[in-house]
Amino acid sequence: AVVSTQSTGKLELPELQTMLELHGWDHVEFIRGVISREDLTALGISSEKVKRKFLQAVEDDLENFQHGSVPGTVEEWLSSIHLSKYLNKFISSRMGSVSRVLEIWEVELTSILNIEPIGHRKRIMRSIRDLRSLQSSYDEAEKRKRESKSKSSQQDKKQETKWLHCKEDMTRGVDYPVRYFGSAKLTGPESTKQSGLICEQQQSKIKSSQKVPEFRLRISASGVELIDKQTQKSTCSYHIEDISFVSRDKGNLLVFSFISTDRKLGIKMCHVFKAHTRNQAYEACSTIAQSFEVAYQLKKESKNNGMHSTDKP
């Protein structure tokens, strides 16, 4: 069953059902505990009264979805959350195992899998968080028997081989030569669709005879930095926690973009770049995705080191 009478009927707002389904909130099992007040605002619902009534109806009438166990296959998992239509995307993107699914970052849902409806992306991430929790409880006894820190570091190195760069390179930063087409402000909830339109708009603004400025895009676990090719000076930088999305342009595979959040102004900006080759564009997107993983590893190591230091007499 899709979103229906229980949550939207009480409000006598049939247009709300259409809007929710359009953006991926199309199944009642995956609304409670997933949709938020901010999501309703992003959908264009400005009335606080309507938002409050809707969320209260969801709380009263619907139940939270929970996995009873960790599924054995990606096909079984997607079927359990009613998103089987994405199976081919997961398989073709080398995410065809449950162990790989448990490692997915939200940014990969858009940059690699190209899943557009925000409701589907939030459903997937909610499911993955539940599965991680289940897997954690299953592994609790085994964790007590883990070997020493040296073995743990070896496992980290094996994890790094899945990516393009080693952790040391990602800590220092990896450079890619790019041309910068500028940036534009996002105005709605669907980052995937908007970033594609912005890529087209920014390219159309640049005349064929106009020289596009050249930069070095430095990507690291700290974030992304834009360095002027002529002056070798940093012109701007974006912290890793402020980057939420990276994607290649479907119409021109040399072009890619990422989205940053300006926390002071409360806005999101889409920055558009053109690489010299398609392979460089692909690597730049993958490297930004990797920066999230390395940043998480470094944060975890720092936390563990802090715990060890407090144990010393």
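What counts and how
- Residues numbered from 1 in each chain as written.
- Predicted model: local features only at pLDDT ≥ 70, side-chain atom pairs only at ≥ 80, totals over all residues.
- Heavy atoms only, no water.
- Helix = DSSP H or I, 4+ residues; strand = E, 2+ residues; numbered from the N terminus.
- Buried < 20%, exposed > 50% of the residue type's maximum accessible area, 1.4 Å probe, protein only.
- Pairing = 2+ DSSP bridges.
- Axes fitted to C-alpha atoms, helices over the stretch in contact; angles between N-to-C directions.
- Contact = heavy atoms within 4.5 Å.
- Phe/Tyr/Trp six-rings, centres within 6.5 Å; stacked < 30°, edge-to-face > 60°.
- Core = buried A, V, L, I, M, F, W, Y, C linked by side-chain atoms within 4.5 Å.
- pLDDT = per-residue confidence, 0-100.
- Polar contact = N/O pair within 3.5 Å; in protein donor to acceptor, adjacent residues only side chain to side chain.

What follows is about unusual backbone geometry. One non-glycine residue with positive phi stands out, namely H82, at about 60°. Within the fold, H82 resides in the loop between α5 (74–80) and α6 (87–92). Note on H82: relative accessible area 42%, which makes it partly exposed. With a phi angle near 60°, R94 is a residue other than glycine that sits in the positive phi range. Inspection of the secondary structure puts R94 in the loop between α6 and α7 (98–101).

Time to look at the sheet that holds strand β3 (residues 223–228). Spatial ordering of the open sheet is given by β4-β3-β2-β1-β7-β6-β5, a layout of seven strands whose pairing is antiparallel. Because the sheet does not close on itself, it has two edges, and the strands there are β4 (234–239) and β5 (243–248). In this sheet, neighbouring strand axes are inclined to one another by 30° on average, regardless of whether the strands run parallel or antiparallel.

Another aspect to go through is the environment of L131. Tracing the backbone through its elements, the reader meets L131 in helix α9 (residues 118–138). Between the C-alpha atoms of L131 and W77, which are 54 residues apart in sequence, the distance is 9.8 Å. The contacts of L131, once residues within four sequence positions are left out, are H67, S69, V70, P71, W77 and L102.

What follows deals with the packing of aromatic side chains. For the structure on display, the rule yields eight aromatic pairs. Ring plane angle 15° and centroid distance 5.6 Å describe the contact between F258 and F273, whose orientation is recorded as stacked. Highlighted residues: F258 in strand β6 (residues 255–262) and F273 in strand β7 (residues 267–275), separated in sequence by 15 residues. The residues F258 and F273 share a single accessibility class, namely buried. An aromatic cluster is defined as three or more aromatic residues linked by ring pairs; in this entry it consists of Y180, F215, Y238, F256, F258 and F273.

By size, the foremost hydrophobic cluster in this structure holds 27 residues, and its most contacted members are L217, I219, F256, F258, F273 and I288. Elements represented by at least two residues in this core include exactly β1 (174–185), β2 (214–220), β3, β5, β6, β7 and α14 (278–311). Residue contributions to this core peak at seven residues, all from α14. For I219, the contacting residues outside a window of four places in its chain are M170, G173, V174, Y176, V224, A284, T287, I288 and S291. Counting residues in each nonpolar core, the second largest holds 23 residues, with L83, Y86, I104 and I115 among its members.

Let us look at the confidence of the model for the protein chain. Low pLDDT marks regions whose predicted coordinates should not be analysed in detail. On average, the protein chain scores 81 in pLDDT, and the residues at 70 or more come to 81%. Across the protein chain, element-level confidence peaks in β2 with a mean pLDDT of 95 and bottoms out in helix α1 (residues 5–8) with 44. With pLDDT under 50 throughout, residues 1–12 is counted as low confidence; its partners more than four residues away or in other chains account for 38 contacts.

So, about the side chain of S111. Checked against the element boundaries, S111 lands in helix α8 (residues 106–111). On the basis of relative accessible area, S111 is assigned to the buried category, the value being 16%. At a separation of 2.9 Å, a polar atom in the side chain of S111 contacts the main-chain carbonyl oxygen of V107. In this view, S111 contacts V246 and S247; residues no more than four positions away in its chain are not counted.

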